[in-house]
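# Structural features, examined
Letter by letter, the chains look like this.
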Amino acid sequence: MKTLRTIAELRNALAPLRDGRTIALVPTMGALHDGHLALIAAARGDCDVVVASLFVNPTQFGEPADLDAYPRDLARDERVAAAAGVDLLFAPAAGELYPQGFATWVVPEGVAEGLESNHRPGHFRGVATVCLKLFELVRPHAAYFGRKDAQQLAVVKQVVRDLNLEVEIRAVPTVRDDDGLALSSRNAHLSSTDRERALAIPRALATLDLERARAVLTEAGIEPDYVAVADLDGETLAVAARVGSTRLIDNVQL
Ligand code: AMP
């Protein structure tokens, strides 16, 4: 596996591979876990060349403290990605994707409105913009996204459709820990008692019912940002809640 830190390096590495081989892209923010590995495995199974990106995208974060606290360990992620069969790991610095004077944005409406956007204004502008940039840089045949971030998946599909991008978006089911908690890089911030409390989220979703889900969370003392049924690439029961200081999201398709 090659790690590429600049756009020039990425372009040079990809050029000889554009010879009829299929290229997969797996965008991540690093701190790789089994959820990411499921995306990489799907990409590896489908395509000849697997590119993973590792970029903690500053423009999709609201609070600077949240961005600063995001776990980062490039050396570990390189080992994990290589072992998973990634061919090229694109890990640019923030200034590489957002140089001085950067001023052009993809601002998704429609499915990007409500839910996460009510609590993280501008989040999907950051997501859509960085995804378009990554799609343009890598020009993959297929890009892999987790259902765990259901609204993000729906937004990316909408962007691809609306801007006529030539990439197929493939959705990968949510990977959970044995206790049901959806894997997330943010789980590392949960104390053991908070982690126990957080299990109310998968329990709430397992009811497959909006009112019962609300009741399960209330009983666990969790005040969610939202519990909602929405059409996110299919009818979906979605939850976002802060447990301790950690904000978790999860969902189930109905
Ligand atoms: P992140 O690094 O958190 O931005 O996630 C990168 C990609 O991995 C996104 O498409 C996520 O939806 C996906 N992902 C994160 N956690 C999981 C999970 N537990 N199961 C499946 N996909 C996931």
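Structure report, in brief. Because the structure is predicted, anything quoted here is derived from the model rather than measured.

Looking now at the environment of L14. Residue position: L14 is located in helix α1 (residues 7-14). Expressed as a C-alpha distance, the spacing of L14 and R247, which sit 233 residues apart in the sequence, is 36 Å. Residue contacts for L14: discarding those within four places in its chain leaves I23, V51, L88, L137 and V138.

Bringing the site of the ligand into the picture now. Close to the ligand lie 17 residues; M29, H36, D149, V175 and L183 are nearest. For the ligand, an oxygen atom lies 2.8 Å from a polar atom in the side chain of H36. The contact in question runs from an oxygen atom of the ligand to an N or O atom on the backbone of G146, over 2.9 Å. Relative to its free-state accessible area of 480 Å², the ligand is covered by the protein chains to the extent of 93%. Those elements that place two or more of their residues in the shell around the ligand are β2 (23-28), α2 (34-46) and β5 (142-146). Element by element, the count of residues in the shell around the ligand is highest for α2, at 3 residues.

Strand pairing within a sheet occurs via backbone hydrogen bonds; the two strands may be parallel or antiparallel. With respect to topology, 6 strands assemble into an open sheet ordered β1-β4-β3-β2-β5-β6, the strand pairing being parallel. Either end of the sheet is taken by a strand with one partner, and the two such strands are β1 (2-4) and β6 (168-172). This sheet shows a mean twist of 25° between the axes of neighbouring strands, independent of strand direction. Where β2 meets β5, 2 bridges bridge the pair, whose relative direction is parallel.

A full pass over the atoms with the stated rule returns 17 salt bridges. With a closest N to O distance of 2.9 Å, R170 and D46 form a salt bridge. Here R170 is found in strand β6, whereas its partner D46 is found in helix α2, with 124 residues between them in sequence. Note on D46: relative accessible area 44%, which makes it partly exposed.

The rules behind the values
- Residues numbered from 1 in each chain as written.
- Predicted model: local features only at pLDDT ≥ 70, side-chain atom pairs only at ≥ 80, totals over all residues.
- Heavy atoms only, no water.
- Helix = DSSP H or I, 4+ residues; strand = E, 2+ residues; numbered from the N terminus.
- Contact = heavy atoms within 4.5 Å.
- Near = heavy atom within 4 Å.
- Polar contact = N/O pair within 3.5 Å; in protein donor to acceptor, adjacent residues only side chain to side chain.
- Areas by Shrake-Rupley, 256 points an atom, 1.4 Å probe, with all protein chains shown as cover.
- Pairing = 2+ DSSP bridges.
- Axes fitted to C-alpha atoms, helices over the stretch in contact; angles between N-to-C directions.
- Salt bridge = Lys/Arg side-chain N within 4 Å of Asp/Glu carboxyl O.
- Buried < 20%, exposed > 50% of the residue type's maximum accessible area, 1.4 Å probe, protein only.

On their own, these measurements won't tell you what the molecule is for.
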